[in-house]
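Here are the chains, one letter per residue:
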Amino acid sequence: GCEPLRNAWSSPRLRSSYPIAVLFFDWAVQKTGQTMNTAIVIAVSQILLVDFSYVIVGRRELTPALYSVGIILFMWVATAFVYDKLSDAA
């Protein structure tokens, strides 16, 4: 079922990367001034560097890669949405 995915999301290594990703996102938004565009550029870059290349070289099958694409896009768009809402509240 979803146990491997649940274990992956709770890993200390992944949790420690969240603050770094948020700081990078904040820096990029401060430079561009466009929250959603920044999120999409980061998401597409991540997809091309990981999912696309892994499928091309045969390290990942297409179905898990497509799930990953959806998750990555959702996470970055959600990050941009929350960032915008928190910025408007300030």
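Provided above is the structure to which this section pertains.
From a predicted model like this one, the values you see are computed outputs, not experimental measurements.

Draft legend 1. Region of interest: the overall build of the protein. Looking only at helices and strands, the protein has four helices and zero strands in total. The secondary structure elements of the protein, listed N-terminal to C-terminal, are α-α-α-α. Contacts spanning at least 24 positions in sequence make up 55% of the contacts within the protein whose residues lie at least 6 apart. Surface accessibility of the protein: about 6,700 Å² in total, with carbon and sulfur atoms responsible for 68%.

Draft legend 2. Fine view of the pattern of salt bridges. Across all of its chains, the model carries one salt bridge by this definition. One salt bridge connects aspartate 51 with arginine 60, and the closest N-O pair in it is separated by 2.2 Å.

Draft legend 3. Region of the structure containing the nonpolar core. Among the nonpolar cores identified, the biggest contains 10 residues, and these are Phe25, Val29, Ala39, Ile42, Ala43, Ile47, Ile72, Trp76, Ala80 and Tyr83. At the level of secondary structure, the elements contributing two or more residues to this core comprise α2 (12–32), α3 (35–57) and α4 (62–89). If sequence neighbours within four positions are ignored, isoleucine 72 has contacts with Ala43, Gln46, Ile47 and Asp51.

Rules used in this analysis
- Residues numbered from 1 in each chain as written.
- Predicted model: local features only at pLDDT ≥ 70, side-chain atom pairs only at ≥ 80, totals over all residues.
- Heavy atoms only, no water.
- Helix = DSSP H or I, 4+ residues; strand = E, 2+ residues; numbered from the N terminus.
- Contact = heavy atoms within 4.5 Å.
- Areas by Shrake-Rupley, 256 points an atom, 1.4 Å probe, with all protein chains shown as cover.
- Salt bridge = Lys/Arg side-chain N within 4 Å of Asp/Glu carboxyl O.
- Core = buried A, V, L, I, M, F, W, Y, C linked by side-chain atoms within 4.5 Å.
- Buried < 20%, exposed > 50% of the residue type's maximum accessible area, 1.4 Å probe, protein only.

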